[in-house]
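# Descriptive structure summary
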Amino acid sequence: MPELPSVEELLAEAVEALGGKQRPGQVEMALAVERAIRTGEHLAVQAGTGTGKSLGYLVPAVRHAVAEDATVVVSTATIALQRQLVDRDLPRLATALKKTLGREPTFAILKGRRNYLCMHRVHSGAPDEPEDEGLFDAFAISRLGRDVKRLHEWSSDTETGDRDELVPGVSDQAWRQLSVSAKECLGVSKCPIGVDCFAERARAEAGRADVVVTNHALLAIDALEGYKVLPDHDLVIVDEAHDLVDRVTSVATAELSTAALAIAVRRCGRQIEEDVADQLSEAGEGLEIVLSEMPIGRLDAMPRALAGALAAVRDSAHRCITALGPERKEDPEGAVGRKLALALLDEIHDTAVRLLEAFDEDEAHRRDVVWLAGDFRDDSKPPTVKVAPLGVGGLLRERLFAPRTTVLTSATLTLGGTFDALARQWGLPASSQVPVVDATATEKEVPSDLSAPRWSGMDVGSPFEHGRSGILYLARHLPTPGRDGLPPAYLDELVELVNAAGGRTLGLFSSMRAAKQASEAIRSRIEYPVLCQGEDSTAQLVKKFAEDVRCCLFGTLSLWQGVDVPGDSLQLVVVDRIPFPRPDDPLASARQRAVEARGGNGFLTVAATHAALLLAQGAGRLLRSTNDKGVVAILDPRLATARYGGFLRASLPPFWTTHDPEVVRAALKRLDAAASA
Ligand code: SF4
């Protein structure tokens, strides 16, 4: 193959073909990704909104794939970005570079098996196993029936079987009837419908593509769970990398409930001796009694009664697995029921073992945290024992970084001025960069026998002039927030700010309760409409907010990260309090204790890092295009006064900062007047 043009030349060609203009940060990023590919050194690259980061990594990735006849995996956290890559960026890029590269680069999207319709289920019918109370309700049954009927009809129209392409969607319950997990799938060689399988077709297509777009969960399953779901690849680009640790943690979290045990007993049905299934049933009853006497929350030791109940679950699940025996070739239909039962029994057995081993090590060296979730008063939330990894750095280091070059990118990767806080969570060694603030995370390295992966961090900046376009207002004069809802002084301040801005406000609250309280309290005091999350789908609310410039939108977590509203509709972002994890959050509190047990500063390493990431994301909602201007107002005075405030402030974009409410109100009024003119 003739020598391909350089990354710089390809990028210039792509940008011109797409009608954009050269951006220095984008060029810098593309060259850094190309260097990472060449040297094998991992790269963390922070690229602010408006840098054009997807082209910044796609151009060197596509060049590498074509030159080496290799597959590159691009992983995202959200469906929105996945869609943007597959529906817009990649098709345009492929057309733009076709001539120069000598052929059109190819790409494919790959999701978990559960996201595709299972044609074997469509043909053979769903298993008869009501899994929750909803099914005893006549209305739910008829809705389920309608949804399943629609899925059957759709199965002969769809070309992909991809759930995201079904509009409007169906309930999870209906989808579960006609889809299978990877463990429940019969396997393409044994499945009578294997050749028509949507999931298999998507995998085959991905295997032939230059670029495979997937999500962090599938990336984690491929890397951590020991069975290959992604095609062989030597380069992975993790976009929205600020979310990687949470997504990987979710994949590595397991749970055990009495409901799951009851389903496993039903799935065993007549396939095994009744008395073997009865033992699993009795173990489930024993577990239920023990759980009903335990408080909800984190466990710091394994109670003797729970250990006994878990051992009974482990042993009886094992007996059922043995009783199901090896697969019988002469009985293909029986294989479906056996596979379904086995998938769940394996999960139950392995989770019971993991729970029983969770407290073997001392606190500084434990790998897992265990807690009891649910609500005894609410039948829809029965108590469940959960187990999650305290950290995923070791796993990522061993399974993600060691076998391939990894590029991690996002608009928010530096916290407190360095990449170290996130690098530590990814299992990468801290860089030699000196922290820019006095209070910073002090986690000690988790011991590892693997040699430290080499990596570098790069901030390619942002096309925005934060110091000229945005004001950070720290309301130092307000009282410290307490536990009893928003103090009256906060509501007064909020009213004055919203009035000065003429609406146009995104309120980011640390709890749904606070968002509702603020919405209700200020509706009668201002003349602008206030939408509150939960009153409609979030997508609809954001749409209304973007269309009506006078409108305000208040809400919580998903708004912190998911709102992209450029222009005059959003000129004020208000944050009620520093978003530390809740003190009763089992995972965060256990992570904090583990850091402390190793001699580090748990609060800064866990709670402040969590808050810094969310604050940076929330503040990032303000400037979405180069003409945007506005104010980020933080009502929690601790950001200005507490020692850790420096670390948090250094995690925010470099806005011009003030503590003076009059200066801010005057600025907001000027912006409102300019926007209304
Ligand atoms: S191979 Fe698996 S997912 Fe595909 S149709 Fe068969 S059982 Fe369903």
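Notes on the structure follow.

Parameters and conventions
- Residues numbered from 1 in each chain as written.
- Predicted model: local features only at pLDDT ≥ 70, side-chain atom pairs only at ≥ 80, totals over all residues.
- Heavy atoms only, no water.
- Near = heavy atom within 4 Å.
- Nonpolar A, V, L, I, M, F, W, Y, C, P; charged D, E, K, R; others polar.
- Helix = DSSP H or I, 4+ residues; strand = E, 2+ residues; numbered from the N terminus.
- Polar contact = N/O pair within 3.5 Å; in protein donor to acceptor, adjacent residues only side chain to side chain.
- Contact = heavy atoms within 4.5 Å.
- Core = buried A, V, L, I, M, F, W, Y, C linked by side-chain atoms within 4.5 Å.
- Buried < 20%, exposed > 50% of the residue type's maximum accessible area, 1.4 Å probe, protein only.
- Pairing = 2+ DSSP bridges.
- Axes fitted to C-alpha atoms, helices over the stretch in contact; angles between N-to-C directions.
- Salt bridge = Lys/Arg side-chain N within 4 Å of Asp/Glu carboxyl O.
- Expected span 1.5 Å × (residues − 1).
- 1 Å grid on protein atoms, 1.4 Å probe; cavity = no way out; pocket = protein on both sides within 12 Å on 5 of 7 lines; lining within 4 Å.
- Points joined across faces, edges and corners; volume = space filled by probe spheres on them.

## As for the site of the ligand
Taken together, Arg-113, Cys-118, Met-119, His-120, Val-180, Cys-185, Leu-186, Cys-191 and Cys-197 are the residues near the ligand. Of the residues that constitute the shell around the ligand, the class distribution is seven nonpolar, one polar and one charged.

## Looking at the side chain of Asp-368
Relative to the elements of secondary structure, Asp-368 occurs in strand S8 (residues 368–373). Within polar-contact distance, the side chain of Asp-368 engages the side chain of Arg-354 at 2.8 Å. Residue contacts for Asp-368: discarding those within four places in its chain leaves Arg-354, Ala-358, Val-387, Ala-388, Pro-389 and Leu-390.

## Some remarks on unusual backbone geometry
Residue Pro-168 is reached from Val-167 by a cis peptide bond, and omega for that bond is -10°. Mapped onto the fold, Pro-168 is located in the loop between helix H6 (138–155) and helix H7 (172–177). In this model, Arg-504 sits at a positive phi of 50°, which is unusual for a non-glycine residue.

## Points about the nonpolar core
Membership of the largest hydrophobic core comes to 93 residues, with the highest contact counts inside it found for Leu-151, Leu-244, Trp-426, Leu-615, Ile-634 and Leu-648. Top contributing element to this core by residue count: helix H23 (residues 602–619), with eight residues. Not counting chain neighbours up to four residues away, the residues in contact with Ile-634 comprise Leu-472, Tyr-473, Leu-474, Ala-475, Val-575, Leu-615, Leu-639 and Leu-652. The next biggest cluster of nonpolar side chains, apart from the first, holds 41 residues, and it includes Val-59, Leu-81, Leu-97 and Leu-235.

## Some points on the sheet that holds strand S13 (residues 505–508)
Taken together, seven strands build an open sheet; the order of strands is S14-S15-S13-S16-S17-S12-S18 and the sheet is parallel. Both edges of this open sheet fall to strand S14 (530–532) and strand S18 (656–658), since each of them pairs with a single strand only. This sheet shows a mean twist of 15° between the axes of neighbouring strands, independent of strand direction. Relative to S18, strand S12 (residues 470–474) runs parallel, the two being bridged by three bridges. Each residue of the ladder has a partner; that of Tyr-473, found in S18, is Thr-658. Across the sheet, helix H18 (residues 488–501) touches S12, S13, strand S15 (552–555), strand S16 (572–575) and strand S17 (630–634), and the angle it forms with S16 is around 170°. Contacting S12, S16, S17 and S18, helix H26 (residues 661–676) crosses the sheet at an angle of about 145° to S12.

## Considerations on the pattern of salt bridges
Under the defined criterion, the tally for this structure stands at 35 salt bridges. As a salt-bridge pair, Asp-164 and Lys-111 come within 2.6 Å of each other at their nearest N and O atoms. In this pair, Asp-164 is assigned in the loop between H6 and H7 and Lys-111 in the loop between strand S3 (107–109) and helix H5 (119–124), connecting sequence segments 53 residues apart. Of the residues examined, Asp-164 reaches a relative accessible area of 31% and is grouped as partly exposed. For Lys-111, a relative accessible area of 5% corresponds to the buried category. Among the ionic pairs, Asp-232 bridges to Lys-228, the shortest N-O distance being 2.6 Å. With a relative accessible area of 61%, Asp-232 lands in the exposed category. The class for Lys-228 is partly exposed, based on a relative accessible area of 48%. Among the charged side chains, a network of salt bridges with common partners joins Arg-298, Asp-300, Glu-363 and Arg-593.

## Some thoughts on H18
Helix length check: H18 (14 residues) gives 20 Å between terminal C-alpha atoms against 20 Å at 1.5 Å per residue, within 8%. Considered for burial, the residues of H18 that qualify are Tyr-490, Leu-491, Glu-493, Leu-494, Val-495, Leu-497, Val-498, Ala-500 and Ala-501. Positive phi appears at Gly-502, one or two residues downstream of H18, with a value of about 65°.

## Structural notes on empty space enclosed by the protein
With a probe scaled to a water molecule rolled over the atoms, the places where space remains empty come into view. All chains considered together, the criterion is met by four cavities of 30 Å³ or more. Reported here for the largest cavity is a volume of approximately 230 Å³. If you go around the largest cavity, you meet 21 residues; those closest to its centre are Cys-118, His-120, Val-180, Cys-185 and Leu-186. Among the elements of the structure, H5, helix H8 (198–208) and helix H14 (332–357) are those that each provide at least two residues to the lining of the largest cavity. A per-element tally of the lining of the largest cavity places H5 first, with three residues.

## Points about the pairing of strand S2 (residues 72–76)
Regular strands place their side chains on alternate faces of the sheet. S2 sits mainly inside the fold: five of its five residues count as buried. Relative to strand S4 (residues 211–215), S2 runs parallel, the two being bridged by five bridges. If you follow Val-74 over to S4, its bridge partner there is Val-213. The pairing of S2 with strand S5 (residues 235–238) spans four bridges and is parallel. Considered in S5, the bridge of Val-74 is made with Ile-237.

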